[in-house]
Amino acid sequence: MHHLIQTARTAQHRAARAATTIGATHPRTRLLLAAAALAAASAWEVGHHVTDLHPPSNGSGEAD
């Protein structure tokens, strides 16, 4: 199941890089964002949560 989290994380990083390089409205960026959303949804369906990758912060912008 850990591979689903890694897949979602990789997809999100690829989409972020595309948005930075070619722009957020470029069709390729939009496709990568959709792929990232599907990967995240797949991970969520098997029980992974956002906090599995991003622990809650203490309100100061830093992780606990």
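The preceding data block contains the structure.
Residues numbered from 1 in each chain as written. Predicted model: local features only at pLDDT ≥ 70, side-chain atom pairs only at ≥ 80, totals over all residues. Heavy atoms only, no water.

1. Looking at helix 2 (residues 27-45)
- The terminal C-alpha atoms of helix 2 lie 27 Å apart, and with 19 residues this matches the ideal 27 Å at 1.5 Å per residue to within 8%.
- Inspection of helix 2 places Thr29, Leu32, Ala36, Ala39 and Ala43 among the buried residues, and these make up the whole buried set. What you see down the axis of helix 2 is that its buried residues fit within an arc of 85°, all on one side. Residues of helix 2 that are exposed and point over 90 degrees away from its buried face: Pro27, Arg30, Leu31, Leu38 and Glu45.
- Looking one or two residues past helix 2, glycine 47 carries a phi angle of roughly 110°, positive in sign. (Helix = DSSP H or I, 4+ residues; strand = E, 2+ residues; numbered from the N terminus. Expected span 1.5 Å × (residues − 1). Buried < 20%, exposed > 50% of the residue type's maximum accessible area, 1.4 Å probe, protein only. Arc of directions from axis to C-beta.)

2. Here we look at the side chain of threonine 29
- Following the sequence through the fold, threonine 29 ends up in helix 2.
- In this structure threonine 29 touches Ala15, Ala18, Ala19, Ile22, Gly23 and Ala24, once residues within four positions along its chain are discounted. (Contact = heavy atoms within 4.5 Å.)

3. Overview of the environment of alanine 43
- For alanine 43, the location among the structural elements is in helix 2.
- Between the C-alpha atoms of alanine 43 and histidine 3, which are 40 residues apart in sequence, the distance is 8.8 Å.
- Apart from residues no more than four positions distant in its own chain, alanine 43 is found in contact with Leu4, Ile5 and His48.

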